[in-house]
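If you want the building blocks of each chain, they are given just below.
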Amino acid sequence: MNIPFTQHTLDNGLRVILHEDRRLPMVAVNLWYHVGSKNERLGRTGFAHLFEHLMFEGSQHYDKGYFHPLQEAGASLNGSTNPDRTNYWEVLPTNALDLALWMESDRMGYLLPALTIQKFENQRDVVLNERRQNYENRPYGLATMAITAALFPSDHPYHWLTIGETADLKAATFDEVRAFFQTYYHPSNASLVVAGDIDPADVLERVQAHFGDIPGGPVPNTIETTAELDGEVRLVIEDRVELPRLYLSWHSPAMFTPGDAEMDLLSDLIANGKVSRLYRTLVYERRIATEVMAFQNSRELAGFWQLIATAAPGKTLVELEQAIDAELSTFLDEGPTADEVDRGRAQAEAQFVFRLQTLGGFGGKSDQLNAYSVFLNDPGFFERDLARYERVNARDLHAAAQQHLRRDRRVALSVVPLGKTSLALADSMPAMVS
C-alpha cells in the first residue's frame with residue numbers, strides 16, 4: 001500500500017504532490033480546493049457547486065468551454081463538489097501535460113476577469129435545472145434533504161445540500177459570488193497532484209512555471225461545530241413513487257476519527273450484500289423488502305450512518321421497522337460473529353485496493369493522495385488508513401454500534417406514495433422540503 005511520492009509547497013502556498021508510475025504513457029492531473037458547501041452560510045448556499053460549473057466556462061486567456069481542447073488532446077476530465085471539497089481532474093497522454101497544467105492554472109488565477117453576469121446567470125439556471133432533475137423530480141430525491149435538515153440544526157454547515165437552496169441561488173448576487181471565489185479558490189487553499197508517466201523534477205519545474213505567479217491568499221478559518229439529537233425524529237414525505245421506503249439515520253464519527261472505520265464496517269455487516277444480516281432477513285427470508293443498504297457518510301466535521309430499506313409490494317414500513325429493530329437489537333446485545341468481522345475486513349481491503357487501480361479520475365491514486373493531503377495534511381496515509389480497518393475486532397464493532405445506533409437518537413423518514421401518508425410510521429410529521 002506504499003504509494004511513493006514527493007511533496008513540495010510553492011511560495012504562494014500551493015501544495016504539489018508528484019507520483020511517478022511509468023507503466024502507461026498517461027498522466028493524471030488532480031486539483032483539490034478545500035472548499036465545499038460547508039463553507040457557505042445560511043441564506044447563501046450552493047456557491048461551491050455553482051463554481052464547479054463556472055470553472056468550465058472559460059478564463060481570461062482561454063475564454064471558451066474548458067472541455068474541447070483537452071478532449072482534442074485525448075483527455076478525459078470532470079469535476080465534483082461535496083460538503084467538504086471541490087475537485088477537478090484530467091487524465092491524458094503524457095505529451096499533453098502542459099496543456100492541462102496551463103488550463104488549470106489559468107482558471108485558478110484568471111477566472112474572474114472572464115466571469116460575466118451572463119455566464120453567472122446562465123450557469124445558475126443550469127444548476128437550478130440540475131436541482132429539479134436530481135432532487136425535486138427524482139423518485140425519493142428529497143429524502144437526503146429532509147434527513148440532513150433534521151440531523152443538523154439550521155446554522156450547521158451540513159444542514160443544507162451541496163446543490164444549495166433554490167431561494168438562495170436565485171437571491172445570489174454577482175458580487176457575492178465573486179467574493180466567494182476570491183476567498184477560497186487560490187493556491188493557499190489548494191492541493192495539486194500530478195501522477196503517472198512523469199519525471200518529478202521536470203514536472204515540478206512545469207508546475208512552478210504555470211502556477212508560481214498566481215497570488216496566494218489567507219487560509220480560510222477552520223470550522224468548529226457540533227450537532228446531536230435529543231430523541232427520535234419521525235418524518236414523512238409524499239412522493240411520486242410506487243413503493244414506500246424507510247430511511248433511518250444516526251449521527252456518527254467524522255472522517256478519519258475514532259469510530260469512523262468501525263461504522264463503515266458495520267454498514268457491510270448489517271445491510272450490504274447478500275450475506276448481510278438485514279438482506280438475509282428482509283429480502284431473502286421474509287421477502288418484506290426489495291432492497292436494503294447502509295452507508296457511513298464520512299464527512300470532515302461530522303458523519304451520519306444511514307440505513308435504507310424499500311418495502312416489497314403489499315408490505316408496510318411498520319413491518320420493515322420492526323424487522324430492522326429486531327435485528328439491530330440482536331446485534332446490540334450479542335455483537336458480530338468472528339466470521340462477520342473477518343469478512344468485513346476482507347471486503348474493506350478489497351475495496352481499498354480497487355480504488356488504487358487507476359491513476360486518476362474519481363478515485364484512483366491521484367485522488368486518494370489529494371484526499372489525504374487536504375483532510376489530513378499527510379498524503380502518505382495509505383497504510384495507516386487501511387490499518388484502521390485491519391485492527392478492528394468484534395469488541396470494537398459491538399461498542400461502536402451500542403454507542404451510535406440508539407433508537408432514541410435517530411431520524412426515521414418514511415417516503416410514501418402521494419396521498420398515502422397512512423403508510424408512514426406512526427407519529428411522523430411532514431418534512432419541510434422543496
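Here the structure is shown first, and the text comes after it.
Residues numbered from 1 in each chain as written. Predicted model: local features only at pLDDT ≥ 70, side-chain atom pairs only at ≥ 80, totals over all residues. Heavy atoms only, no water.

### A word on the overall build of the protein
And then number 1: When you go through the protein residue by residue, the secondary structure sums to 15 helices and 12 strands.
And then number 2: For 434 residues, the compact-globule formula gives about 22 Å, and the C-alpha radius of gyration of the protein, at 23 Å, lands near that figure.
And then number 3: C-alpha atoms of the protein, sized along the principal axes, occupy 65 × 50 × 40 Å.
And then number 4: The proportion of buried residues among the 434 residues of the protein is 56%.
And then number 5: Of all intrachain contacts in the protein linking residues separated by at least 6 positions in sequence, the fraction that spans at least 24 positions is 79%.
And then number 6: Put simply, the protein shows about 18,700 Å² of open surface, and 49% of that area lies on carbon and sulfur atoms.
And then number 7: Here the protein contributes 40 positive and 59 negative side-chain charges, whose respective centroids are spaced 4 Å apart. (Helix = DSSP H or I, 4+ residues; strand = E, 2+ residues; numbered from the N terminus. Rg over C-alpha atoms; globule rule 2.2 N^0.38 Å. Buried < 20%, exposed > 50% of the residue type's maximum accessible area, 1.4 Å probe, protein only. Contact = heavy atoms within 4.5 Å. Areas by Shrake-Rupley, 256 points an atom, 1.4 Å probe, with all protein chains shown as cover. Lys, Arg positive; Asp, Glu negative; His and termini not counted. Charge placed at Lys NZ, Arg CZ, Asp CG, Glu CD.)

### Notes on the nonpolar core
Across soluble globular proteins, nonpolar side chains have a tendency to be buried as a group.
And then number 1: Of all hydrophobic cores here, the largest spans 74 residues; its most connected members are Tyr185, Val194 and Val207.
And then number 2: Beyond its immediate stretch of four places on either side in the chain, valine 194 contacts Ile17, Leu18, His19, Val27, Ala28, Leu97, Leu101, Val203 and Val207. (Core = buried A, V, L, I, M, F, W, Y, C linked by side-chain atoms within 4.5 Å.)

### Brief notes about the sheet that holds strand E6 (residues 190-196)
And then number 1: An order of E1-E2-E6-E3-E5-E4 is seen for the 6 strands of this open sheet, with the pairing classed as mixed. The open sheet has two free edges, formed respectively by strand E1 (6-9) and strand E4 (76-81), since each of these has just one partner strand. Within this sheet the neighbouring strands show an average axis-to-axis angle of 15°, counted without direction.
And then number 2: Inspection of the sheet shows E1 paired to strand E2 (residues 15-20) by 4 bridges, in the antiparallel sense. Looking at E2, one finds that threonine 6 is bridged to leucine 18. (Pairing = 2+ DSSP bridges. Axes fitted to C-alpha atoms, helices over the stretch in contact; angles between N-to-C directions.)

### As for the sheet that holds strand E9 (residues 289-297)
And then number 1: Taken together, 6 strands build an open sheet; the order of strands is E9-E10-E8-E11-E7-E12 and the sheet is mixed. The outermost strands of the open sheet, each flanked by one partner alone, are E9 and strand E12 (429-430).
And then number 2: The pairing of strand E8 (residues 245-252) with strand E11 (residues 411-417) spans 5 bridges and is classified as antiparallel. Its bridge partner lying in E11, arginine 245 is registered against valine 415.
And then number 3: Packing against the sheet, helix H9 (residues 260-271) makes contact with E8, E9 and strand E10 (303-311), and its axis sits at approximately 170° to E9.

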